[in-house]
Amino acid sequence: MMPTEDIYQPLLNVIEFLGTFAFAISGIRHAAAKRFDWFGGFVCGVAVAIGGGTLRDIMLGVTPFWMTSSIYLICTFMAQMFVIVFARSLKSLDNTWFFFDTLGLALFTVAGLQKTLDCGHAFWVAIIMGTITGSAGGVIRDVLLNNVPVIFQKEIYAMASIIGGLAYWALVELGCDMTISVITAFLLIVAIRILAVKYHISLPVLRGEE
Amino acid sequence: MMPTEDIYQPLLNVIEFLGTFAFAISGIRHAAAKRFDWFGGFVCGVAVAIGGGTLRDIMLGVTPFWMTSSIYLICTFMAQMFVIVFARSLKSLDNTWFFFDTLGLALFTVAGLQKTLDCGHAFWVAIIMGTITGSAGGVIRDVLLNNVPVIFQKEIYAMASIIGGLAYWALVELGCDMTISVITAFLLIVAIRILAVKYHISLPVLRGEE
Amino acid sequence: MMPTEDIYQPLLNVIEFLGTFAFAISGIRHAAAKRFDWFGGFVCGVAVAIGGGTLRDIMLGVTPFWMTSSIYLICTFMAQMFVIVFARSLKSLDNTWFFFDTLGLALFTVAGLQKTLDCGHAFWVAIIMGTITGSAGGVIRDVLLNNVPVIFQKEIYAMASIIGGLAYWALVELGCDMTISVITAFLLIVAIRILAVKYHISLPVLRGEE
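Each chain carries its own residue numbering, running from 1 in the written order of its sequence. Each chain is given a letter, starting from A, and each ligand a number, starting from 1, according to the order in which they appear as written. The predicted nature of this model means local features are confined to residues of pLDDT at least 70 and side-chain atom pairs, given and counted, to a pLDDT of 80 or more, with totals for whole chains, interfaces and linings taken over all residues. Each side-chain value is worked out from all heavy atoms of the structure, with water and hydrogens disregarded.

- In the annotation of an unreviewed UniProt entry, the entry for chain A reads Trimeric intracellular cation channel family protein, and the organism field reads Leyella stercorea.
- Listed under Subcellular location (unreviewed entry) in UniProt, the entry text for chain A is "Cell membrane".
- UniProt positions are given in the numbering used here, feature names are shortened, and annotations may be inferred rather than shown by experiment. What UniProt states about chain A under its Sequence similarities (unreviewed entry) heading is, verbatim, "Belongs to the UPF0126 family."

Structure, rendered in structure tokens:
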């Protein structure tokens, strides 16, 4: 998805697989908490894993990325098997899921940014599309589960994508090499998400009108 | 929607009309149970009748099918009139709605499969698109009604589409005539749905983690 | 968005800004009532301001309008600042928001109609797209907030768009000048919405089956 040198490609593939796996796990676990059946769990897993990128591709007017390679559905299927077999052990791996999910957020954001720029759109459009790529899948999951989307109330999640996107923009404008800009944005998103969770940082809540 | 001989076309048109009518009835009845007004009922009817095919066409990058022929909206309008006039008698026709709805599920699945193959996509993409064509409208209805989607918790519905699609794939790979493959897949979907309801067959529920 | 004489353009721009601002305010206020954070509020504001037009553009197969000009996001950002700073005073301006929102409904409906006709679609498709442009953003807001969409239960809102669209169609068929037809449809939508609220006019509710 990103124009990088061949040396990075295997690493990117690993991160993409781990991120997709963690995203799918998140959808399936939320579905299990609502007593969904296996089909409902799979749909929620797919929604998180590919929902954001699909929404991005529809708005960009290109074929949704998962329709050209079956790896994303196979990865979701493996996540589904994992949840079914290891249901009781999932919670003890929460730190692992959090870390893979954060890698996924960072990679999908940067990939969405890059794909939007490649389509010839402005940088501010690319930042929005990067954020959608990373975060919209979780919103679709919450809508399907009839929950209020968690990223609108509690978590610093999409803000990490937005700040990473702004940093990428700034670095490119300052004449930085694209590979360095991509890696910096990626690491910044990972760092913001980890620090926000570690130190319980959240955005201010909108005041009511009572 | 399907390349079949002229002798089948009138039959297909009748099934398509009955299926669209039953899908729309399903949306309007659910809306009535939530005390929606006439406009809300019509939107829910439309959502079930054309929602799945619209999502499929958007992902395929083609013009949504209902924008080129007014028959689908006219059919929904007739369903709306029917629900308003015969509200008290709808329940006694439940077996009729179930049968028409099952015909619709089977036809829309096969039509979605075929349209996706005609666009040059792989068979596994076509099976997903066939399932979306048959099932996504009901999910959109449940999201609009603020309900948990019923096909994720209770019913064998989308699974019938998936199995029908897999059978179609197997038959084509085995060198079967396309018309025979289509009819077999259609009848298989109808049979699975009827048997699942008659014998209360459902998928396993995902285990919680407590 | 509409082929009008240059003398109208500044007026149209002002109405579009006020309408977008009022639509965004509506999303952000609903988000505040659910204790969303600043990011969630912004997303809900954006959803109302651009959601309907985005859905229309995706179905028309054109680039979503907001991706070619940053004015819509800037307008939503200003609405967000306004809600944060003047939270306590918003309620006293309810009549102002209602009036701007009604101007927005009328303008977005007519703009959606016109854009769909320009894409070569039939008039009945254009009326649906005009209604979606005006109303779908509010539905997306309610889905994101996990509420039942208000326009399906209580308000004459989308019906004003539909009647305005039908009037436009009739006038064009009768050979009226396009500018006169547009202005008539616009004023009719504004009048229906104001009269419906003033006289508590609503659509009949669908009868249940008990």
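Back to the write-up after that little detour.
### Considering the UniProt feature "domain: Glycine transporter" (unreviewed entry) in chain A
Residues and elements named next belong to chain A.
For step 1, the next point in the chain: Here the UniProt feature "domain: Glycine transporter" (unreviewed entry) sits at residues 14-87 and 99-171.
For step 2, the next point in the chain: Between the C-alpha atoms that bound residues 14-87 there is a distance of 24 Å. The span itself is 78% helix and 0% strand.
For step 3, the next point in the chain: Across residues 99-171, the secondary structure splits into 77% helix and 0% strand, with the terminal C-alpha atoms separated by 26 Å. In DSSP terms, a helix is any run of H or I states spanning at least four residues, a strand is any run of E spanning at least two, and both are numbered starting from the N terminus.

### Structural notes on the relation of the copies chain C and chain B
Relating one copy of the chain to the other takes a rotation about an axis and a shift parallel to that axis.
For step 1, the next point in the chain: Its rotation angle being 120 degrees, the transformation that places chain C on chain B also includes 0.0 Å of axial translation and leaves an RMSD of 0.0 Å. The operation mapping one copy onto its partner corresponds to a three-fold rotation axis.
For step 2, the next point in the chain: Pairs of residues are marked as contacts when any of their non-hydrogen atoms sit within 4.5 Å. Here only 10% of the contact residues of chain C are again contact residues in chain B; the copies associate through non-equivalent surfaces. Residues below a pLDDT of 70 in either copy are left out; the C-alpha atoms of the rest, at least 70 in both, set the least-squares superposition of the copies.

### What about the pattern of salt bridges?
For step 1, the next point in the chain: Here, a salt bridge means any Lys or Arg side-chain nitrogen found within 4 Å of an Asp or Glu carboxyl oxygen. Throughout the structure, instances matching the rule amount to 15 salt bridges over all chains.
For step 2, the next point in the chain: Across the pair Arg 141 of chain B and Asp 142 of chain B runs a salt bridge, and its minimum N-O distance is 3.0 Å.
For step 3, the next point in the chain: Judged by its relative accessible area of 6%, Arg 141 of chain B falls in the buried class.
For step 4, the next point in the chain: Here the residues in one salt-bridge network are Arg 29, Lys 91 and Asp 94 of chain A, joined through shared partners. Only protein chains enter the accessibility calculation, which uses a 1.4 Å probe; a residue whose area is less than 20% of its type maximum is buried, one above 50% is exposed, and one in between is partly exposed.

### What about the environment of Gly 164 of chain C?
Residues and elements named next belong to chain C.
For step 1, the next point in the chain: As for its placement among the helices and strands, Gly 164 is situated in helix H6 (residues 158-173).
For step 2, the next point in the chain: The spatial distance from the C-alpha of Gly 164 to the C-alpha of Thr 184 is 8.2 Å, given a sequence separation of 20 residues.
For step 3, the next point in the chain: Ignoring anything within four residues of it in the chain, the contact list for Gly 164 reads Ala 185, Leu 188 and Ile 189.

### Overview of the interface of chain C and chain B
For step 1, the next point in the chain: Counting from both sides, the interface comprises 30 residues of chain C and, opposite them, 32 residues of chain B.
For step 2, the next point in the chain: Buried area: the accessible surface (1.4 Å probe) lost by two parts on joining, summed over both. Taken together, the two surfaces of chain C and chain B that pack against each other cover about 2,800 Å², and 66% of this comes from carbon and sulfur.
For step 3, the next point in the chain: Looking only at chain C, the three residues that lose the most surface to chain B are Phe 152, Leu 206 and Glu 209 of chain C, adding up to 29% of its buried area.
For step 4, the next point in the chain: Along the contact surface separating chain C from chain B lie 0 salt bridges.
For step 5, the next point in the chain: Counting of polar contacts relies on pairs of N or O atoms within 3.5 Å, with two restrictions inside protein: one atom must be capable of donating a hydrogen and the other of accepting it, and residues adjacent in sequence are counted only when both atoms are side-chain atoms. There are 6 residue pairs in polar contact (both at pLDDT 80 or more) connecting chain C and chain B.
For step 6, the next point in the chain: Among the elements of the structure, helix H2 (38-60), helix H5 (123-144) and H6 of chain C are those that each provide at least two residues to the side of chain C that touches chain B.
For step 7, the next point in the chain: In this count, Pro and Cys sit with the nonpolar residues alongside Ala, Val, Leu, Ile, Met, Phe, Trp and Tyr, while Asp, Glu, Lys and Arg are called charged and the others, Gly among them, polar. Residue composition of the side of chain C that touches chain B, grouped by class: 20 nonpolar, 5 polar and 5 charged.

### Some details on the relation of the copies chain A and chain B
For step 1, the next point in the chain: Expressed as a screw transformation, the operator carrying chain A onto chain B has a rotation angle of 120 degrees and an axial translation of 0.0 Å, and the superposed copies differ by an RMSD of 0.0 Å.
For step 2, the next point in the chain: The two copies present different faces, since only 9% of the interface residues in chain A are matched by interface residues at the equivalent positions in chain B.

### Structural notes on the interface of chain A and chain B
For an interface, size is often stated in terms of accessible area lost upon the parts coming together.
For step 1, the next point in the chain: Facing 32 residues of chain A, the contacting portion of chain B comprises 30 residues.
For step 2, the next point in the chain: Each partner contributes to the roughly 2,800 Å² buried at the junction of chain A and chain B, and carbon and sulfur atoms together form 66% of this total.
For step 3, the next point in the chain: Considering only the surface of chain A that becomes buried against chain B, Asp 37, Phe 39 and Met 67 of chain A emerge as the three largest contributors, covering 24% of it.
For step 4, the next point in the chain: Where chain A touches chain B, the interface holds 0 salt bridges.
For step 5, the next point in the chain: In this structure, the connection of chain A to chain B is made through 6 residue pairs in polar contact (both at pLDDT 80 or more).
For step 6, the next point in the chain: Broken down by element, the side of chain A that touches chain B gets its largest block of residues, 7 residues, from helix H2 (residues 38-60) of chain A.

### A short note on H6 of chain C
For step 1, the next point in the chain: Multiplying 1.5 Å by the helix residue count minus one yields the expected span of that helix. For H6 of chain C, which comprises 16 residues, the first-to-last C-alpha distance of 23 Å matches the rise-based estimate of 22 Å (1.5 Å per residue) to within 8%.
For step 2, the next point in the chain: Where H6 of chain C is concerned, the buried positions are Ala 158, Ala 160, Ser 161, Gly 164, Gly 165, Ala 167, Tyr 168 and Leu 171 of chain C.
For step 3, the next point in the chain: Elements that come into contact with the buried residues of H6 of chain C comprise helix H2 (38-60) of chain B together with helix H4 (94-118), H5 and helix H7 (178-198) of chain C.

### Quick word on the confidence of the model for chain A
For step 1, the next point in the chain: On average, residues of chain A score 93 in pLDDT, and 97% of them are at 70 or above.
For step 2, the next point in the chain: Scored by ipTM, the complex comes to 0.92, with pTM at 0.94. Across the chain, each position has a pLDDT score giving the predictor's confidence in that residue, from 0 to 100.

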